[in-house]
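# Coordinate inspection notes
These are the residues of each chain, in order.
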Amino acid sequence: MYERYSRQMLFAPIGQNGQEKIRSKHVLMIGAGALGSSNGEILTRAGIGKLTIVDRDYVEASNLQRQQLYTEEDVAQKLPKAVAAKKRLKAINSDVEIRAVVGDATPEMLEELIKDVDLILDATDNFETRMAINDISQKHQIPWIYGACVGSFGMSFTIIPGKTPCLNCLLKSLPVQGMTCDTVGIIAPTVQMVVAHQTAEALKILVEDWEAIRHSFVSFDLWRNQYSSIKMAKAKDDSCLSCGSERTYPYLMKENLMKSEVLCGRDTVQIRPSKQGEVDLNELSVHLSGSHFEVKGNPYLLSIEMEDNRIVIFKDGRALIHGTKDLAHARSIYQRLLG
Ligand SMILES: [Zn+2]
């Protein structure tokens, strides 16, 4: 059984004992884009017990340059990334239990998914979700690993509740908010470098080698040949609302309103309905086709072509309105289609 992991077990800090620990662990990965593809593949090959993947998007042609789990076939089928990632990862290592969740990593969903999780990997692309991950990690005392990249610039930090500062503590001294939008593009090696830092830390945490954990904040620019590593122990702030002595977990406050947001660096608005509940995609497809819309779909989503926009509706009622950054316009389209 351990033949496939022999090289990893020969590595002294892991060994057979470490391999058994890796095998017993459950990792929750938020996001299955570039960082998620590579993180997911490395941990699956390393033989973790269970991987839960959460992603709200589907595979598009512009992803293929760096999102290494996906193929042209996934683009043609418009497969949700979580589903396409699970399919590919199962083919790589069928021993790993993989759960694919198509949806937005809201605080509500994180609360539900956090049970039995040993480690959270940040593979998301937005600030709001990272801060929710940070709060859920502190609340449940589960380590998480921050990773972010744009262009040729990337950074990573490991957060162990009770031991290291949290991301909210770091906000005062580091430009982490600015690392959320991919408007300046990205090259694939930046992703790999961030993932190398994240997965090395992940392995240390999974084998419980706490001494080996990196306590510095690393950042680099692969194009400008700059590397930095900043010690962060002093950044821990007792008045921090996420990890301090009077914590309130501000980023877990629920809001039940319909929510719309422009997705980073894209001509796309996401709309999340106020009520969570499943949409019957078959029924909706029949209804919209009857109204002379051009509708295509798969078991996870419907894609509707309109004059200037393409709308993708997921089973959870969430929609991506492509071709606009105008929230009001996107909402009116949503209401026209879903009533
Ligand atoms: Zn903090």
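Above this note sits the structure.
Residues numbered from 1 in each chain as written. Predicted model: local features only at pLDDT ≥ 70, side-chain atom pairs only at ≥ 80, totals over all residues. Heavy atoms only, no water.

### So, the packing of aromatic side chains
The geometry of an aromatic ring pair comes down to the distance between the two centres and the angle between the two planes. If you walk through the whole model with that rule in mind, you get four aromatic pairs. Judged by centre distance (6.5 Å) and plane angle (50°), the ring pair of tyrosine 58 and phenylalanine 314 falls under tilted. Taken as a pair, tyrosine 58 in the loop between strand 2 (50-55) and helix 4 (72-77) and phenylalanine 314 in strand 13 (residues 310-314) lie far apart in primary sequence, 256 residues in all. With respect to class, tyrosine 58 is no different from phenylalanine 314; both count as buried. Judged by centre distance (5.9 Å) and plane angle (35°), the rings of phenylalanine 157 and phenylalanine 217 are tilted. Taken as a pair, phenylalanine 157 in strand 6 (residues 153-159) and phenylalanine 217 in strand 7 (residues 216-221) lie far apart in primary sequence, 60 residues in all. A single burial state applies to phenylalanine 157 and to phenylalanine 217, both of which are buried. Ring-pair connections join several aromatic residues into one group, and the members of that group are Trp144, Tyr146, Phe157 and Phe217. Positioned above the aromatic ring of tryptophan 210, the side-chain terminus of lysine 163 is 4.9 Å from the ring centre. A cation over a ring is seen here: arginine 318 above phenylalanine 314, with NZ or CZ 4.2 Å from the ring centre. (Phe/Tyr/Trp six-rings, centres within 6.5 Å; stacked < 30°, edge-to-face > 60°. Helix = DSSP H or I, 4+ residues; strand = E, 2+ residues; numbered from the N terminus. Buried < 20%, exposed > 50% of the residue type's maximum accessible area, 1.4 Å probe, protein only. Lys NZ or Arg CZ within 6 Å of the ring centre and 35° of its normal.)

### Some remarks on the sheet that holds strand 5 (residues 144-150)
Ordered in space as 3-2-1-4-5-6-7-8, the eight strands form an open sheet in which the pairing is mixed. Either end of the sheet is taken by a strand with one partner, and the two such strands are strand 3 (97-102) and strand 8 (226-231). Shown here is a sheet whose adjacent strand axes are inclined to one another by a mean of 15°, direction ignored. Alignment of strand 2 against strand 3, held across six bridges, turns out to be parallel. From the neighbouring strand, isoleucine 53 faces strand 3, where its bridge partner is alanine 100. Together, strand 2 and strand 3 form the strand contacts of helix 5 (residues 81-92), whose direction differs from that of strand 3 by roughly 165°. (Pairing = 2+ DSSP bridges. Axes fitted to C-alpha atoms, helices over the stretch in contact; angles between N-to-C directions. Contact = heavy atoms within 4.5 Å.)

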